[in-house]
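Letter by letter, the chains look like this.
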Amino acid sequence: MRDKGNVSDEAILTTKNLSKIAAFKAAQYPLLAVFMMLVPRTLGAEIYGEYVLLLSILTIADALINFGIEEICARFVPEMEMRGGVAEVRRFYSSMLLVKAIVDIVAVTGLLLLLKYIYGDRFPNAYLIALVSTVFLRDLQNTAYALLFGLNKLSRFSARDPIRRALSLGLVLLLVHFYGLFGAVLAMFLVEALLFSLGFYWTRTYLAHSRFDLKPRSLMPYVQFGFIFYLCWVLTNIWQRVGNVLIDKFTHDPHQVAIFDIPNQIFIITLSGILTLFSALVPMFVKLRMSGQEEKLMRWSRRMVKYGVALCTIIFAGFAIAGPGLIPWVIGGEYSDIYRNGAVLLMGGVAFVVAKMGIVFSIVYNKPARYFAGLTMAVASFLLAAAVLIPRLQSMGAAVATGISGVVLAVAMSAFFKEQMIHCVRDAILVAGAAVVIIPFLGFRGGVVSGLVGFLGFVLVYGLLLATTGLVRVREIKEIIEAIRQRAAS
């Protein structure tokens, strides 16, 4: 009875934590919608393009000095708590902060010199200083929030992203009104400063009475552990954000940057929301593998791919059918060109779902190097395709390059886990292929009302087709929802 009680307590805690994460993830969508309705329209395409270029540089720079700190804290902080209590966590935290601070000072100094060399004739020194100061604050705060993650304080850890979006929305709109583009850059700094203060306030207990001893050797095992995750994090952030930088380099047109960035943000956040469900089932998959229930693991994998692809297809259809009418009304007429980029990006969601299943297998079967290898091939293919296509197609070239790289990652992960992935890929092709019924509904494009009516019609026809062919079943959907809620197999 005691063991059952322990398992029940863990299941309850896990369910609560997952619910909190899901709630904060969901909170980002209305904030993103309001941001897209107000900020691009207020700034105008030229200033917005400059703003997101600087934001992309911030994100890439932050990834380069991250060290995989979240994975390190998730793996070792619980162990430290059990072994040495609060004192050992304090020693680790204070030492890591000091090392990170020294690394960050060196890194941002080099970044400032690099940015002055590349963009010195384009942006005043005040812009670049504010940007590198923001990089410094963001990376140090990452350590505080990573500690919260390791301490299982998931509410505070997960609150950062929606808080960042909400603060960015208010401060950008306010400061741009008075200071133009510099106001937007200043808003970045102030947002990270506020999150920095909040993170260190929440972790103040682990700073109190602790000595800041610089002991690099004691941190080496942690850094080595996080290295492969750090590399994957760097590659992922470069992949997601370098499109803005490349478009700016090849076109020298902030408008092209703007009309790629908006659909790219929609794509990234929408896809991450779907793929979070895959990650939520990793513990269950590990238990199934360790208990020898491979057949059940494969059955669940196929289900996740099927419904993930179906959801991506519905989202793509919504954008393809209703987008032309909604975009000018919601974001503004000067951003109508984002339709083509958004349609291409969202069409590639199917490949990313298949790739994510392979990434899950790399975790379940303890093969992280395969994930890194696949990601390296995907990023390399993106850079190559972008270099070829952007000069010819402008921002559309970056969208096409993203789709190509998603296919490369999907093929690579399917090849690495051929036995596990073969049926998943087959199901993905069948479910995506059923979307051919979208063709007559594309005639509804143009108006807001007609686009929404056409989308609802597609969903009805597409759903009926999947149900009548047996590709989807209500029973399976209920089981997936229950598994995600409990994150444990019976």
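Above: the structure in question.
Below or above, wherever it landed, is the structure these notes cover. Fair warning: this is a prediction, and the values are worked out from it, not measured in the lab.

## Observations regarding the layout of surface pockets
Right, so step 1: The space that makes up the second largest pocket amounts to roughly 590 Å³.
Right, so step 2: Sorting the residues of the lining of the second largest pocket by element identifies α1 (2-64), α7 (254-280), α9 (294-330), α10 (338-347) and α15 (448-468) as the ones contributing at least two each.
Right, so step 3: Per element, the largest residue contribution to the lining of the second largest pocket is nine residues, and it comes from α9.
Right, so step 4: Its residues assigned to classes, the lining of the second largest pocket shows 18 nonpolar, three polar and no charged.

## What about the packing of α9 against α10?
Right, so step 1: α10 packs onto α9 with a crossing angle of 175° between their chain directions and a minimal axis gap of 9 Å. One finds that α9 runs roughly antiparallel with respect to α10. Each of I315, F316, F319, A320, G323, P324 and I327 in α9 lies in contact with α10, whose residues at this interface are I338, Y339, G342, A343, L346 and M347.
Right, so step 2: Looking at side-chain class alone, the contact of α9 with α10 contains eleven nonpolar, two polar and no charged residues.

## Here's the deal with the packing of aromatic side chains
Right, so step 1: According to the stated counting rule, one finds 17 aromatic pairs in the structure shown.
Right, so step 2: Both rings, one in Y145 and one in W202, keep their centres 6.4 Å apart while their planes meet at 85°; by these two values the pair is edge-to-face. You can see Y145 sitting in helix α3 (residues 125-150) and its partner W202 sitting in helix α5 (residues 181-202), a full 57 residues away along the chain.
Right, so step 3: Owing to a relative accessible area of 0%, Y145 belongs among the buried residues under this scheme.
Right, so step 4: Seen from their ring centres, F319 and Y339 are 5.7 Å apart, and the 10° between their planes marks the pair as stacked. Here F319 is found in helix α9, whereas its partner Y339 is found in helix α10, with 20 residues between them in sequence. As far as the burial class goes, F319 and Y339 line up, both buried.
Right, so step 5: Through a chain of ring-to-ring contacts, the aromatic side chains of Y119, F123, Y127 and F182 assemble into a single cluster.

## What to know about the nonpolar core
Right, so step 1: If you look at the biggest cluster of nonpolar residues, it comprises 131 residues, and the most contacted ones within it are Y48, Y51, Y335, M357 and Y462.
Right, so step 2: It is α1 that contributes the most residues to this core, 16 residues altogether.
Right, so step 3: In contact with Y48, not counting residues within four places along its chain, are F35, M36, V39, P40, L43, A258, D261, I262, Q265 and Y335.
Right, so step 4: Counting 19 residues, the second-largest nonpolar core is a separate cluster that includes M80, V89, Y93 and A146.

## Focus on unusual backbone geometry
Most peptide bonds are trans, and most residues other than glycine sit at a negative phi.
Right, so step 1: Residues other than glycine seldom take positive phi values, yet H252 does so here, at roughly 55°.
Right, so step 2: A positive phi angle, near 60°, is found at Q394, a position not held by glycine.
Right, so step 3: Mapped onto the fold, Q394 is located in the loop between α12 (368-393) and α13 (395-416).

Thresholds, definitions, all that
Residues numbered from 1 in each chain as written. Predicted model: local features only at pLDDT ≥ 70, side-chain atom pairs only at ≥ 80, totals over all residues. Heavy atoms only, no water. 1 Å grid on protein atoms, 1.4 Å probe; cavity = no way out; pocket = protein on both sides within 12 Å on 5 of 7 lines; lining within 4 Å. Points joined across faces, edges and corners; volume = space filled by probe spheres on them. Helix = DSSP H or I, 4+ residues; strand = E, 2+ residues; numbered from the N terminus. Nonpolar A, V, L, I, M, F, W, Y, C, P; charged D, E, K, R; others polar. Axes fitted to C-alpha atoms, helices over the stretch in contact; angles between N-to-C directions. Parallel < 35°, antiparallel > 145°, perpendicular 65-115°, else oblique. Contact = heavy atoms within 4.5 Å. Phe/Tyr/Trp six-rings, centres within 6.5 Å; stacked < 30°, edge-to-face > 60°. Buried < 20%, exposed > 50% of the residue type's maximum accessible area, 1.4 Å probe, protein only. Core = buried A, V, L, I, M, F, W, Y, C linked by side-chain atoms within 4.5 Å.

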